[in-house]
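Residue-level listing of the chains:
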Amino acid sequence: MVKQAGDTVEVGELGGAPYRIDLPEKWNHKLVVMHHGYSVGRMQFNPNDPPRPTMSQFLHRGYAVIQSAYSETGWALNSGFSDTEKLREYFERTYGTPSERYVTGASMGGALTMETMERNPAPYMGALNLCGAVGSSIVHAGRRLAQRAAFDYYFPGLLPPLDNIPTDFAGTPELGSTLQKALDSDPGAASAMRNITTLPTNSEVVRMMIFYTVFLGDLERKSGGLPVDNRNTVYGGTSENIDTDYALNDGVRRYTADAAARQYLLKYYEPSGKVTKPVIALHTGYDANVPVSQLTAYHQAIDRAGYGQNYVQQYVHRKGHCLMTPEQIGRAFDELIDWTHGGKPPSPGLLP
């Protein structure tokens, strides 16, 4: 435990999960629970490191902030939920019960934010979901597998088959260069991949295909098999000529999901849409990693469950994954606080 300009920083490990607690000198006795996003390596916390800019938005407003590194890496909707709840309980035993609690997180942490609000909403006043990979994990992972399978049709042999991804697969500069050269040398196939993925450049296609391979390999190891497939995927939009769609659908390799592995993803996590507390979802206008359309589908699930009045979706004019500015995140948080204290729901659409 150290002091930083009067603030208290505690780091440690709880049940195999490293954690960090930031307690401002003038604590308002309210708490923000933060979930981090997808990470291939284990996060480590140094008590001498200053708080990250996003975290500072909450600390400057007087809120304590806690965050767990989880006891597993990668897709951690299992351990991320339970480890963070254990940390919250530890914080309250140590520092006292907060008068109010809010939950937030970015990317996969946004998915954990919504899992928390669906599975354990009682402790929280509301949630701020930042660029969250929300909604059905089956749909989310299935989209990535289908796009990677299409890449293999156009550029065979450059990446491992999706049902046999080596445990040591990693995106190296050499691999990235090889893929980039392959796309640049075949403009027609590269254009089809940009159309399928809605990515604007060959370099973004390369980056995402490598990440999808890492992501799907991680899911296979956690679930014990291939949890998603493209058996019923009908590809379209490859070019202005529908014959190219026919060719892809006829030639792409079709994968079949393992039933037991699929159950893992259904458990971690298939949302119900039961969102009983105020939630603001903040996203950039363009995000290659987590398309805004994914939030729209989740919003529809919330509407079908009958809780649409508790969910507001906003965006900012920024390009990239989770590239909202700290100040924009702070403004959205202020709107959430006002809403949970009886104010009107914030306006959807562009963040003011």
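Residues numbered from 1 in each chain as written. Predicted model: local features only at pLDDT ≥ 70, side-chain atom pairs only at ≥ 80, totals over all residues. Heavy atoms only, no water.

Draft legend 1. Region of interest: the overall build of the protein chain. Tallying secondary structure elements over the protein chain gives eleven helices and ten strands in all. Here the C-alpha radius of gyration of the protein chain, 21 Å, is about what a compact globule of 352 residues would show, namely 20 Å. Summarising its shape, the C-alpha atoms of the protein chain cover approximately 65 × 40 × 35 Å along the three principal directions. A total of 352 residues make up the protein chain; the buried ones form 57% of that total. A separation of at least 24 residues holds for 75% of the contacts in the protein chain among residues at least 6 apart in sequence. In the form shown here, the protein chain has an accessible surface area of approximately 14800 Å², with 52% of it arising from carbon and sulfur atoms. (Helix = DSSP H or I, 4+ residues; strand = E, 2+ residues; numbered from the N terminus. Rg over C-alpha atoms; globule rule 2.2 N^0.38 Å. Buried < 20%, exposed > 50% of the residue type's maximum accessible area, 1.4 Å probe, protein only. Contact = heavy atoms within 4.5 Å. Areas by Shrake-Rupley, 256 points an atom, 1.4 Å probe, with all protein chains shown as cover.)

Draft legend 2. Inspection of the side chain of Asn230 at higher detail. Among the structural elements, Asn230 can be located in the loop between helix 7 (202-223) and helix 8 (242-251). In terms of polar contacts, Asn230 uses its side chain to reach the backbone carbonyl oxygen of Arg253, at 2.9 Å. A polar side-chain atom of Asn230 sits 2.6 Å from the main-chain amide nitrogen of Tyr255. Once residues lying within four places of it in the same chain are set aside, the contact partners of Asn230 are Leu145, Ala146, Ala149, Tyr235, Val252, Arg253, Arg254 and Tyr255. (Polar contact = N/O pair within 3.5 Å; in protein donor to acceptor, adjacent residues only side chain to side chain.)

Draft legend 3. Expanded view of the pairing of strand 2 (residues 7-14). Here strand 2 runs beside strand 3 (residues 17-23); their pairing, made up of seven bridges, is antiparallel. Residue pairing for strand 3: Val11 is matched across the bridge by Arg20. Connecting strand 2 to the antiparallel partner strand 3 that follows it, the hairpin turn spans two residues, and Gly15 within it adopts a positive phi of roughly 60°. (Pairing = 2+ DSSP bridges.)

Draft legend 4. Up close: the pattern of salt bridges. Throughout the structure, instances matching the rule amount to twelve salt bridges. Of the charged contacts, one joins Arg88 and Glu85 as a salt bridge, the two residues approaching to 3.0 Å between their closest N and O atoms. On the criterion of helical spacing, the pair formed by Arg88 and Glu85 is a turn pair, its members being three residues apart in helix 2 (residues 79-95). By relative accessible area, Glu85 is classed as buried at 9%. The residue Lys222 makes a salt bridge to Asp218 at a minimum N-O spacing of 2.5 Å. Residue Lys222 and its partner Asp218 are both found in helix 7; the two are separated by four residues, about one turn of the helix. Look at Asp218 and you get buried, because its relative accessible area is 9%. (Salt bridge = Lys/Arg side-chain N within 4 Å of Asp/Glu carboxyl O.)

Draft legend 5. View of the packing of aromatic side chains. Scanning all chains against the criterion turns up 15 aromatic pairs. Look at Phe211 and Phe215: their rings are 6.2 Å apart centre to centre, the planes differ by 35°, and that puts the pair in the tilted class. Here Phe211 pairs with Phe215, and both are found in helix 7, just four residues apart, close to one helical turn. Residue classification places Phe215 among the buried residues on the basis of a relative accessible area of 1%. Aromatic ring contacts, followed pair by pair, group Tyr38, Trp75, Phe211 and Phe215 into a single cluster. Seen from the ring of Phe81, Arg119 lies directly overhead, with NZ or CZ sitting 4.1 Å from the centre. Over the face of the ring belonging to Phe215 we find Arg144, whose NZ or CZ atom lies 4.6 Å from the ring centre. (Phe/Tyr/Trp six-rings, centres within 6.5 Å; stacked < 30°, edge-to-face > 60°. Lys NZ or Arg CZ within 6 Å of the ring centre and 35° of its normal.)

Draft legend 6. How the structure looks around the pairing of strand 8 (residues 279-286). Judged by how many residues are buried, strand 8 sits mostly within the fold: six of eight residues are covered. Sheet topology note: the strand 8/strand 9 (residues 311-319) ladder contains seven bridges and is parallel. By the bridge assignment, Ile280 is partnered in strand 9 with Val312. Between the parallel pair strand 8 and strand 9, the chain is carried across by helix 10 (residues 292-305), and the sense of this crossover is right-handed. (Right-handed = clockwise from strand over helix to strand, strands pointing away.)

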